[in-house]
Amino acid sequence: MIDFIPLSDYALYHFQFILLMTFVAFFHTLVLTGYETKAFAYNNIASKVILLLMLCYVGLRPISGRYFADMATYAQTFYQFKNGMPINPEGDVGFEIFLKFCSQIMSVEFFFLVCATIYILPLYLASKRWFPNYYIFSFILLLGSFSFWPYGTNGIRNGMATSLFVLGLSYVYKNNVKMILFLLLSVVFHKSMMLPISALIATFFLKDTSKYFIFWILSIFISLTMGSVIIQLFASLGFGDDRLTAYLSGQASAGKFSSTGFRYDFLVYSAAPLGLAYFYVIKKGFQDKIYQHILHTYIVCNAFWIMVIRANFSNRFAYLSWFLMAFVVGYPLFKALFWKDQFKKIGIVLLVYYGFTYFMFYYYQYR
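About the criteria used
- Residues numbered from 1 in each chain as written.
- Predicted model: local features only at pLDDT ≥ 70, side-chain atom pairs only at ≥ 80, totals over all residues.
- Heavy atoms only, no water.
- Helix = DSSP H or I, 4+ residues; strand = E, 2+ residues; numbered from the N terminus.
- Expected span 1.5 Å × (residues − 1).
- Bend = angle between axes of the 7 residues up to and from the residue.
- Salt bridge = Lys/Arg side-chain N within 4 Å of Asp/Glu carboxyl O.
- Buried < 20%, exposed > 50% of the residue type's maximum accessible area, 1.4 Å probe, protein only.
- Core = buried A, V, L, I, M, F, W, Y, C linked by side-chain atoms within 4.5 Å.
- Contact = heavy atoms within 4.5 Å.

**Focus: helix H6 (residues 108–130)**
- A rise of 1.5 Å per residue sets the reference length of H6, with its 23 residues, at 33 Å; its end C-alpha atoms lie 34 Å apart and thus fit the reference within 8%.
- At Ile120, H6 shows its strongest bend, of approximately 25°, with the proline Pro122 following within four residues.

Structure representation (structure tokens):
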């Protein structure tokens, strides 16, 4: 366990470390063109070092309900399973089987290390599969995402489910059996993954990116004019599971990070990568089947969140799209040339992308 760092500063150290890695990557892009042996060596070695450090730091954190909220609940459930509690067939069965199995063969501390591995390793592997020469930058983008830390230390089950989804998506057009397996694992770990999976399936049939942009814009008008009706509709349908229904219906209390009302700040945050995507796809004509699936899935899921944006814990709905944001921003940059000296532009994108996360950390920490 990493118990020599004060719990009150644990998140702070994480954000400072990612800031350091972002600046190192940025300066790396300033002095190289991206095609040198040094660039490829940095990609190969630094990514492994960062992966190991992140697995240790996230996975070996002390168990604390005060600073990591749901972590204490998972630990309590771990001990209940260890003492013979049966699996709830109405819950997230895959995760409960996993938790029950772990409780019989390992300590609770090692269990959280396994959880961190399932959360972080798929992001690394997907980046490596898609961008063999530049996956260090994709990995840093993912680690620097606004949602990475809270879903690695608090919304643990949801975080693991989305990472399994990403790993499954990395096998699209290459190994359908593995793709389906990991997608199924994601939904049995957290039922809310029904939304991204449904959106992904739809992207195989509707491929016109412009229609997705229109749908996203329409979702804003729907939210502004019929938001409360849409919230009640989804709540009455019992979409996903009881937790989501409770958030929608207002039965769950709002917390520090779950402000209600129309979140214009989060809307702008969600729209920023779409601006880049519009540039990539519509203006520059970037055509990539995998990117289409990533982008279209992001748009559908984000549009759903916009329509229920006034619900408690709106960040929980936003995460069902935000976990793909780093790929929406970065994927084309590692696949095609859009600008002169593009390697330098990658560094700028890293700084701007993480800059928002860093600012929001301090905003929520000290407001």
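Now that the structure is up, let's keep going.
**Topic: the pattern of salt bridges**
- Evaluated as defined, the whole model comprises two salt bridges.
- Across the salt bridge formed by Arg157 and Asp92, the nearest N and O atoms sit 3.2 Å from each other. Pair noted here: Arg157 is in helix H9 (residues 156–169) and Asp92 is in the loop between helix H4 (70–82) and helix H5 (93–105), with a separation of 65 residues, a long-range link.
- We classify Arg157 as buried; its relative accessible area is 16%.
- The salt bridge involving Lys211 is made with Asp208; its shortest N-O contact spans 3.0 Å.
- Residue classification places Lys211 among the partly exposed positions, given a relative accessible area of 45%.

**Observations concerning the nonpolar core**
- If you look at the biggest cluster of nonpolar residues, it comprises 131 residues, and the most contacted ones within it are Phe111 and Phe137.
- With near-sequence residues (within four places) excluded, Phe111 lies in contact with Phe78, Phe95, Phe98, Leu99, Cys102 and Met106.

**A short note on unusual backbone geometry**
- You will see that Tyr173, though not glycine, has its phi angle at about 70°, which is positive.
- By the element assignment, Tyr173 lies in the loop between H9 and helix H10 (176–189).
- One non-glycine residue, Asp341, lies in the positive phi region at around 55°.
- Inspection of the secondary structure assignment puts Asp341 in the loop between helix H17 (325–330) and helix H18 (342–366).
- Residue classification places Asp341 among the partly exposed residues on the basis of a relative accessible area of 43%.

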